[in-house]
Amino acid sequence: MRWLVLAAAVTVWTPFAAAQTLNVQSGDHVGFTRLVIPIGVDRSWNIVERDSRTWDVELEPPVDGFNTANAFDLIQRTRLAALEDNTDLTLLLSCDCPISGFRHQDQYLVIDISDPPEDQDPQIEFDETTLADRELERARAAEALPNLASLLSGADRLPTLAASPPGHGQPAPAETIEAGNELPNPQIEEAAQIMAEQLARAAASGLLDASLGEPQTFADPVETHSVPDQETEESGAADEVPAAIEPDAAQEQIARPDNFPIRTHTSIDPRIVLDRPLSPQPSQGACSAEPFEARNWADTETFEQGLGELRLGLYDDRDDLIEEGAEALALYYLYHGFGAEARYWLMQLEAPSEDLLSAANLVDGSSEAGFSEVDSPADCSDGALLWHYLDGAVAADLSADDVAAIQRAYARLPTPLRDLLGPRLARALHLDRKEEAARNVRDIINRGGRVPEAELRMLDFDLGISAVESIAGTQDALTGMLTGNASDAVSTMAQALAFDRNVGVRPGPERLTAAEALLRENGSGPETDLLWQEVVLGHAALGSIDTALSMLGSTNREVSVFEETLTALIADRVAVEDTATLLVLAHSFGARWRPEGSDAGRAQVSAIALLREAGLYEAAQILRDVRRPLILPAQADDARSAIDPIVAAWNARDWDELSGTATGAHYEIATRMAARGNPPDASEETLRDLEVVVAAVADSQSLRQAINEILAHPSPE
């Protein structure tokens, strides 16, 4: 009975658990309209065309419905006319617009409806009834305006002013006003009031712009003082002074030395520099000490929470962009990890922040975002140091305090940026040999549980973290990543080939063929260097030495990549004692090899020893000569004047002295030369002994080897 009740409950509850409604969000951009649907990670999508203006968005598994109530709050219907919520989401377009879609951050389906090509004009249907109503409304508004011309047409009602008005500030003579017009025309005041109303309406409609920053008294009449000309002085009117200025006040104003209208300078006067900054400027190699905290750019946890309010605050009543609103929207996009959108709105500003533009480039995945180089990390704030370091713009070595500041700033990042920038930060710290800090960042990413498993495994391989499972389990995981991580197939394939090589497993021909296909598809850029190296080593492991040598000889990779690959190939051939391949490598590429580091040095010494053991002295000498000589400090005069006794004995051919002091080939030659005067007896019976013949041949071989070493290094070391 309990099982029956439980089965019935599951049957009733399942449709409600499976039911799901997805919100459809929208936004208008320059050239396209964007729809965003949160479909999740485990749901596939497809966009099917019914006709040129009808498209269906199909989801698998399907959802219960789509919430399109707010889809047209922020967009017009010039591209998208309507949305229908059927079994699938149907898009009804207003034009023959191309449609494209892609998945963002594995969570969102983004659909872009672009403008039609230039040769096709969008056909937008207008309602004729609406247009007629608008024309009627405009005609009524025009008829309601007063006719100013009728108010000013009656010339007999207006006062007649003198042809040449008197001086400023003086009333007009009474005889200049005609009889019957002693009082001002009352309609002039009414006309002025109507004109003021018309100006106010024009300003409200955007036809006039107010002059900002001007005082309200800028249009008041100003008393001016005219200087009498020469004719006035000759006529005797020069002594007349206007009543507005007293003579004593005028003389006092002219006599004040600090009221000159012109400021003059001489060569000995101090120069006034007007363009000098008021505060000290930071040095060239320092970043700003102001906080650059991404957590202050927004205060919402989900992307949908505050986007609508910010979009509504972008434009004012005249449809002019509000720069504060555009900057706030750009910071909101940056907060949630949308670099391209943030850069677009930052570029709408008159003077965008260079650091914010660089941060947008960095979030968008740019290898060089554009941050200025920093020579003194101690002068930076924690947030500024983190962003500069992620861009590789910190030239100085990081101290323990700098590494701690970077980790603190990373922990304070918002969740989207922490997941997005964490792998890049961990790899950068690993390259700088800050292993503990790199592991800390990796643990933060792992505990978050939001980064895909494939990306986390790739990070572990780059950081050198060994897998917990067995070799077979790791190989199975890499195979699964190759099939499910198509966005980073190049790095995944390189890691899979490198893992097989490190554990001593030869790559399969099918996997090597797939790796070569990836190389042809992705070109010869820096992102394929590691895969190219593993393909070369894979061909050598399978015995295709000619293919590996051909790839080495015809490559256009960087010199460092070529030398690293050649070093790995030499070390691999030494491990299997392949002297034939080492001989070809020495004669073909040995002169171009510059081994650096402990691993390269060990490979060089092992290759030289193996070639000498096989009697290939010329090839061994080629690999020996590529070693860079040590630059020793200059010796003192007495040290340079001292002569090595072994060198002196060698130069004097003192074989007895050398046989007791020299070593190596020089010792063997000196011993032979000292015993040259007493050769052993060689009778016919002795020569017939086979052991004596074998010993003589071995002695001859040893003598030839010693002579070759003497010819290569004549002076004893």
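A quick note: this is a predicted structure, and the numbers were derived from the prediction, not measured. (Residues numbered from 1 in each chain as written. Predicted model: local features only at pLDDT ≥ 70, side-chain atom pairs only at ≥ 80, totals over all residues. Heavy atoms only, no water.)

Looking at the state of the cysteines
- Across all of its chains, the model carries one disulfide by this definition.
- Note on cysteine connectivity: Cys-95 is disulfide-linked to Cys-97, with sulfurs 1.7 Å apart. Each member of the pair, Cys-95 as well as Cys-97, carries the same accessibility label: buried. (Disulfide = S-S within 2.5 Å. Buried < 20%, exposed > 50% of the residue type's maximum accessible area, 1.4 Å probe, protein only.)

Looking at a negative patch on the surface
- A surface patch of negative charge is lined by Asp-316, Asp-317, Asp-319 and Asp-320.
- Tracing the backbone shows Asp-316 in the loop between α7 (307-312) and α8 (323-335).
- For Asp-316, a relative accessible area of 32% puts it in the partly exposed group. (Patch = residues over 30% accessible without salt bridge, like charges linked within 9 Å, V, L, I, M, F, W, Y side chains within 5 Å. Areas by Shrake-Rupley, 256 points an atom, 1.4 Å probe, with all protein chains shown as cover. Salt bridge = Lys/Arg side-chain N within 4 Å of Asp/Glu carboxyl O. Lys, Arg positive; Asp, Glu negative; His and termini not counted. Charge placed at Lys NZ, Arg CZ, Asp CG, Glu CD. Helix = DSSP H or I, 4+ residues; strand = E, 2+ residues; numbered from the N terminus.)

Digging into the packing of aromatic side chains
- In the structure shown here, the tally under the stated rule is nine aromatic pairs.
- For the pair Phe-292 and Trp-297, a centre-to-centre distance of 5.5 Å together with 80 degrees between the ring planes defines the contact as edge-to-face. The pair Phe-292 / Trp-297 is uniform in exposure class, with both members buried.
- Seen in terms of ring centroids, Tyr-344 and Trp-345 are 5.1 Å apart; in terms of plane orientation they differ by 80 degrees. Their pairing is edge-to-face.
- Residue Trp-345 is classed as buried on the basis of its relative accessible area, which comes to 3%.
- One aromatic cluster is present, built from ring pairs that chain together Phe-303, Tyr-332, Tyr-333 and Phe-338.
- We note Arg-592 situated over the ring of Phe-562; from NZ or CZ to the ring centre the distance is 4.2 Å. (Phe/Tyr/Trp six-rings, centres within 6.5 Å; stacked < 30°, edge-to-face > 60°. Lys NZ or Arg CZ within 6 Å of the ring centre and 35° of its normal.)

Considering helix α23 (residues 598-613)
- For α23, built from 16 residues, the straight-helix expectation of 22 Å at 1.5 Å per residue is met to within 8% by its first-to-last C-alpha distance of 23 Å.
- Residues of α23 that are buried: Ala-600, Ala-603, Gln-604, Ala-607, Ile-608, Leu-610 and Leu-611. Down the axis of α23, the smallest arc covering the buried residues is 165 degrees, so these residues share one side. Set apart from the buried face of α23 by more than 90 degrees, the exposed residues are Ser-598, Arg-602 and Glu-613.
- Buried-residue contacts for α23 involve α21 (559-575), α22 (579-589) and α24 (617-625). (Expected span 1.5 Å × (residues − 1). Arc of directions from axis to C-beta. Contact = heavy atoms within 4.5 Å.)

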